[in-house]
Amino acid sequence: MKALNPLDLYDVRSLLSEEEQLVQDTTARFVDEKVLPIIGECFEKGRFPMELIPEIASLGLLGSSIQGYDCAGLNGVSYGLICQELERGDSGLRSFVSVQSSLVMYPIYAYGSEEQKQKWLPAMARGEKIGCFGLTEPHGGSDPSNMKTTAKKKGGDWVLNGAKMWITNGTIADVAVVWAQTDEGIRGFLVEKGTKGFDAPEVHHKMSLRASVTSALYFDNVVIPEANRLPKAEGLKGPLGCLTQARYGITWGAIGAAQACLKEVLDYTQTRELFGRALNNNQMVQLRLAQMSRQITLAQLLSLQLGRLKDKGEMQPAQVSLAKWNNCRMAIDIARDARDLLGGAGITTEFCPIRHALNLESVITYEGTESVHQLVIGKELTGANAF
Ligand SMILES: Cc1cc2nc3c(=O)[nH]c(=O)nc-3n(C[C@H](O)[C@H](O)[C@H](O)COP(=O)(O)OP(=O)(O)OC[C@H]3O[C@@H](n4cnc5c(N)ncnc54)[C@H](O)[C@@H]3O)c2cc1C
């Protein structure tokens, strides 16, 4: 019998097509060679590694699921594998790609005019233009229907007022997809950097996603032409449709973070000698490692089946909620336990678990908190809306 891969005990890799395996290998090589050597320092310094964007783009990782417009046109499983490998490096890098691909390029592709697509998608695929997605507001992200940012029609233009909070890529973005309340309901707008009255200052003092840019967005009588409204986005289902895409990617990303932590503790407990033997010879330690392996395997199978449903056009939001909840919870539990298995050494960024554990505090919160996803599943099961 061939030896099992400790990070893929069920050989989920054998369920992937050749193209999917190639996408995974290409992304994994980039992460090993370019991300892992610098990411600990980026996290410590609170710096997003902008210098990696050209290579991320040249590998086809931006807007990878989009057909045409200089995008790679890969399937959903390949996008998931990209997220998994990137997040094995760092959740911040995966967040950058998720936002660019699922929260900015996807809505322009799905809801935008042909002119908007031509203007933004090829440049965003090449990494020459960066985008952000402004939905959450300071008074409460879990209830986006209580949106206070407004867009009022004035002649042929729109005038935006309000604020968004916790916006990934905000300060570095050339364009913000902004959701605002109009007299006809929620609509999406493309707000370009430098527009008068629009400001995107960075949020500082974060202890999580430190290698990612997080910002506030302020709109003070910002005038937007009708040509910058997303014509096919109507109501809250516009932004929620984007979030379903991004959350799907997160379910895969969380697996990568967990695998990185398991790899770290497998290596460490093999060489750490306590009480006259390697740490991994203890039953309690083996139980903890086995638990990690069990949780990762279940998460892998969940995301792969979700991806297959997505590629058949059958994926439903409640299924995404279940995987987002399960896989983020799995990853944060593993990262925290891995940190503990490293003892005192686990509190430094020399080892990855504490960085992943801190990052996953954001990942378990954004794009719907754990409680919100539990309520989505509860509603699916009972038909009763408990929000
Ligand atoms: C690093 C980072 C990056 C982000 N990037 C983006 C981005 O790019 N774009 C964007 O739009 N947003 C972004 N977000 C925002 C994120 O989506 C929100 O933080 C999230 O939706 C939660 O909203 P909130 O922070 O306002 O918490 P709240 O909505 O105030 O929730 C607080 C607590 O109440 C709980 N809760 C809420 N409602 C219920 C209920 N009905 N029953 C029981 N419990 C409930 C929640 O689970 C949570 O524990 C980001 C957040 C972070 C931290």
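Our subject is the structure that appears above.
Described in the following lines is the structure provided in the data block. (Residues numbered from 1 in each chain as written. Predicted model: local features only at pLDDT ≥ 70, side-chain atom pairs only at ≥ 80, totals over all residues. Heavy atoms only, no water.)

**Observations regarding the site of the ligand**
Close contacts around the ligand come from 18 residues, with T136, G141, S142, W166 and T369 the closest. Contact between the ligand and E367: an oxygen atom at 3.3 Å from a main-chain N or O atom of the residue. With the chains in place, 67% of the 970 Å² that the ligand exposes on its own is no longer accessible. In this structure the site holding the ligand corresponds to the largest pocket. For the shell around the ligand, the secondary structure elements donating two or more residues are strand 3 (157-168) and helix 10 (370-382). With 3 residues, the top contributor of residues to the shell around the ligand is strand 3. Class assignment of the residues belonging to the shell around the ligand gives a composition of 8 nonpolar, 9 polar and 1 charged. (Near = heavy atom within 4 Å. Polar contact = N/O pair within 3.5 Å; in protein donor to acceptor, adjacent residues only side chain to side chain. Areas by Shrake-Rupley, 256 points an atom, 1.4 Å probe, with all protein chains shown as cover. 1 Å grid on protein atoms, 1.4 Å probe; cavity = no way out; pocket = protein on both sides within 12 Å on 5 of 7 lines; lining within 4 Å. Sits in = over half its atoms within 2 Å of the grid points. Helix = DSSP H or I, 4+ residues; strand = E, 2+ residues; numbered from the N terminus. Nonpolar A, V, L, I, M, F, W, Y, C, P; charged D, E, K, R; others polar.)

**Section: empty space enclosed by the protein**
Counting across every chain of the model gives 1 cavity of 30 Å³ or more. Considering only enclosed or pocket space, the largest cavity measures out at about 40 Å³ in volume. Grouping the amino acids of the lining of the largest cavity by side-chain chemistry returns 3 nonpolar, 5 polar and 2 charged. (Points joined across faces, edges and corners; volume = space filled by probe spheres on them.)

**What about the layout of surface pockets?**
The probe, sized like a water molecule, is rolled over the atoms to show the empty space still left. Taken as a whole, the largest pocket holds about 1300 Å³ of empty space. What lines the largest pocket is a set of 46 residues, among which G141, L243, R247, E367 and G368 lie closest to the centre. Those elements giving two or more residues to the lining of the largest pocket turn out to be helix 4 (91-111), strand 3, helix 6 (237-271), helix 8 (317-341) and helix 10. Across the lining of the largest pocket, the residue classes break down as 19 nonpolar, 19 polar and 8 charged.

**Some remarks on the packing of helix 4 against helix 6**
Where helix 4 contacts helix 6, the two axes come as close as 9 Å, and the packing angle between them is 145°. In this structure, helix 4 crosses over helix 6, and the sense of that crossing is right-handed. Here R94, S102, L103, Y106, P107 and Y111 of helix 4 come into contact with helix 6, specifically with K237, G238, G241, C242, L243, Q245, A246, I250 and G253. Across the contact of helix 4 with helix 6, the residue classes tally to 8 nonpolar, 5 polar and 2 charged. (Axes fitted to C-alpha atoms, helices over the stretch in contact; angles between N-to-C directions. Left-handed = near helix turned anticlockwise from the far one by under 90°. Contact = heavy atoms within 4.5 Å.)

**What to know about helix 3 (residues 76-89)**
For helix 3, spanning 14 residues, the distance from its first C-alpha to its last is 20 Å, which sits close to the expected 20 Å at 1.5 Å a residue. The element helix 3 is largely enclosed, with a buried count of 14 among its 14 residues. Its side-chain oxygen 3.4 Å from the backbone nitrogen of V77, N75 forms the N-cap of helix 3. (Expected span 1.5 Å × (residues − 1). Buried < 20%, exposed > 50% of the residue type's maximum accessible area, 1.4 Å probe, protein only.)

As far as function goes, none of this settles anything; it's purely spatial.
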